[in-house]
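# Notes for the structure review
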Amino acid sequence: MKKPIKNVLFITWDGPETQYLERLFLPIFAGLEKKGYKFHVLQFGWGRAEKFEQRAQACAELNIPYKSVKVFRLFRAIGSFLTAFLGQYAIQKAVAEWNIDTLMPRSLMPALAVLSMPKTARKKLNIVFDADGLAADERVDFTGISSTGKVYRLLRDIEMQMLCHADGVITRTEASRKILIARAGAGLPPERCYRVSNGVDVTPFVQAFELQAQQCKTDFILCYCGSIGPQYRLPEMLDIALKLKQVIPQLRFKLFSSALPEIKKQLEEKGLIGQDWIEYQTLPAAEVPKALAACDLALALREPKFSTQGVLPIKLGEYLLAGLPILGTPHVGNASELEETGVFHSAELDGLEQSIDWVINNYLPQQKEWKKRSHEAGLHYFSLEETIERYECALKAINLQA
């Protein structure tokens, strides 16, 4: 007989540049502690020791126990699979030390570590699989592995095994939920698969939005905040900025990212170096709300691949909470829901001209009202409180079924 869900071990696998644990998960776990769930973190990762120390400190500040495991980086895929297989021992040690009753592996390598545990040890524990989208397909779309190769087949097998063995599965979008249910067939009844959201602490955004609403300004600022890489389509963002500049002469384009060399390289290739209406800088996380609230319109492009159906970008919530309508890629995350509210418009070629017309003829004449509507959409779809409630509902339902 399994124990009720109370002490949860969140098992995650993160590179040195990602901040999902700190920015997304820790605030959720701290909120769930007030609902009776005590979270603990076991993080597989690589990089400098200082990064692990920073993560440990972030957990300590919220009274969340933390342990880290180094990922073998030799021979890449082999090292990762070996680390995951041996990771079962770190999990069993954490289970005993922290009196864990529930495992929550996030994505496929942590899932492999859980599946590698002896069945007798695993059966005593509740298992909540955070599928985190369509991870195997992301490897095909963005890291170049073959969809017919051994690595992909192995990852899909891990996914299938975990979907069928878990007491409950959580995902971020309705599209990925339907895909995972279809893949697992009878192994995953729909009532065991739950959709949660990626909420953020709205307080700094509310403060920044309310302060900015009192300001008067004459320029119009288009912005982008986040990673820079092929799947985020910076060249196309610059093309869109140029199109908007032609019809909004006072437009300025601000890019907030840590990838400044790549931005400079792309500007050089476009012949835009030295253009004073384009700015780029790295911002500390604490300054993001104020910087975004001072802007007027945001870009959120993504390479439209199969796996992006399962992605729910945090930046969508941050943009909206800051009062910014979005020009972005449809069918990513909850973009379809946001389109219905009028605060999200297509930045793709087949819809861009219509979206620019919307900016000129609808947004600019009623900018204050649209910024307020965007802010309200952010509060509705991306608040931390709403996310905590969704997690709590999922955990309660899984508890009853386990």
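Going by the structure above, here's the rest.
So, here's what we can say about the structure.

## With respect to the nonpolar core
Proteins that are soluble and globular tend to have nonpolar side chains buried together. Counting 94 residues, the largest nonpolar core has Phe29, Phe39, Leu244, Phe253, Leu292 and Tyr319 as the members making the most contacts within it. Setting aside chain neighbours within four positions, we find leucine 292 in contact with Phe205, Cys223, Cys225, Phe256, Glu318, Tyr319, Ala322 and Leu324.

## A look at the pairing of strand β9 (residues 251-256)
Among the six residues of β9, five are classified as buried, and the element is accordingly described as predominantly covered. When strand β8 (residues 220-225) meets β9, the two strands line up parallel, connected through six bridges. Across the sheet, tyrosine 224 pairs through a bridge with leucine 255, a residue of β9. Taking the sense of rotation as the criterion, the β-α-β connection linking β8, helix α10 (residues 234-247) and β9 turns out right-handed. Each parallel crossover has a hand, and for β9 linked through helix α11 (residues 260-269) to strand β10 (residues 278-281) it is right-handed.

## Overview of the sheet that holds β10
In space, the six strands of this open sheet follow the order β10-β9-β8-β11-β12-β13, with parallel pairing throughout. A single partner strand is all that each edge strand has here, and the edge strands are β10 and β13 (344-346). Each strand of the sheet is rotated relative to its neighbour by a mean of 25°, with strand direction disregarded. For strand β11 (residues 297-300) and strand β12 (residues 326-328), the ladder comprises three bridges, and the chain directions are parallel. Across the sheet, residue leucine 299 finds its bridge partner in β12, namely leucine 327.

## Remarks on the environment of aspartate 132
Inspection of the secondary structure assignment puts aspartate 132 in the loop between β5 (126-130) and α6 (135-142). C-alpha of aspartate 132 to C-alpha of threonine 171: the two residues are 39 residues apart in sequence and 5.4 Å apart in space. If near-sequence neighbours (up to four positions away) are discounted, aspartate 132 is found in contact with Arg106, Ser107, Glu138, Ile170 and Arg172. For aspartate 132, the side chain forms a polar contact with the side chain of arginine 106, separated by 3.1 Å.

## Let's talk about the sheet that holds strand β6 (residues 168-171)
Spatial strand order, β3-β2-β1-β4-β5-β6-β7: seven strands in an open sheet with parallel pairing. Every interior strand has two partners, whereas the edge strands, β3 (66-70) and β7 (193-195), have only one. Taking the axes of each pair of neighbouring strands and ignoring which way they run, one obtains an average angle of 20° across the sheet. Two elements, strand β4 (residues 102-105) and β5, share two bridges in a ladder whose sense is parallel.

## So, the side chain of histidine 345
Tracing the chain through its elements places histidine 345 in strand β13. Here the side chain of histidine 345 touches glycine 342 through a polar contact of 2.9 Å, landing on its backbone oxygen. With residues up to four places along the chain from it excluded, the contact list for histidine 345 reads Ile326, Leu327, Gly328, Ser355 and Trp358.

## Some remarks on the pairing of β10
In the case of a regular strand, side chains alternate between the two sheet surfaces. With four bridges connecting them, β9 and β10 associate as parallel partners. Across the sheet, the residue bridging to phenylalanine 256 is glutamine 281, located in β10.

## Examining α11
Looking at α11, one finds that the buried residues are Ile263, Gln266 and Leu267. In a view along the axis of α11, the buried residues occupy a sector of 100°, so they form one face of it. Exposed residues pointing more than 90 degrees away from the buried face of α11 are listed as Pro261 and Glu269. Its buried side turned inward, α11 meets α10, β9 and β10. Following α11 by one or two positions, glycine 271 has its phi on the positive side, about 70°.

## Let's talk about a nonpolar patch on the surface
Side chains of Phe72, Leu82, Phe85, Leu86 and Tyr89 sit close together on the surface and give an oily, nonpolar patch of about 500 Å² of accessible area. Among the secondary structure elements, leucine 82 is positioned in helix α3 (residues 77-98). Since its relative accessible area comes to 41%, leucine 82 is described here as partly exposed.

## Re the pattern of salt bridges
For the structure shown, the criterion picks out 27 salt bridges. A salt bridge links glutamate 392 to lysine 35, with the nearest nitrogen and oxygen atoms 3.8 Å apart. Here glutamate 392 is found in helix α17 (residues 384-401), whereas its partner lysine 35 is found in the loop between α1 (20-33) and β2 (38-45), with 357 residues between them in sequence. Across the pair glutamate 97 and lysine 67 runs a salt bridge, and its minimum N-O distance is 3.2 Å. Of this pair, glutamate 97 sits in helix α3 while lysine 67 sits in strand β3, and the two are 30 residues apart along the sequence. With a relative accessible area of 25%, lysine 67 lands in the partly exposed category. Each member of the salt-bridge network shares a partner with another, and the members are Lys217, Asp219, Arg252, Glu279, Asp296 and Lys371.

Conventions used here
Residues numbered from 1 in each chain as written. Predicted model: local features only at pLDDT ≥ 70, side-chain atom pairs only at ≥ 80, totals over all residues. Heavy atoms only, no water. Core = buried A, V, L, I, M, F, W, Y, C linked by side-chain atoms within 4.5 Å. Buried < 20%, exposed > 50% of the residue type's maximum accessible area, 1.4 Å probe, protein only. Contact = heavy atoms within 4.5 Å. Helix = DSSP H or I, 4+ residues; strand = E, 2+ residues; numbered from the N terminus. Pairing = 2+ DSSP bridges. Right-handed = clockwise from strand over helix to strand, strands pointing away. Axes fitted to C-alpha atoms, helices over the stretch in contact; angles between N-to-C directions. Polar contact = N/O pair within 3.5 Å; in protein donor to acceptor, adjacent residues only side chain to side chain. Arc of directions from axis to C-beta. Patch = residues over 30% accessible without salt bridge, like charges linked within 9 Å, V, L, I, M, F, W, Y side chains within 5 Å. Areas by Shrake-Rupley, 256 points an atom, 1.4 Å probe, with all protein chains shown as cover. Salt bridge = Lys/Arg side-chain N within 4 Å of Asp/Glu carboxyl O.

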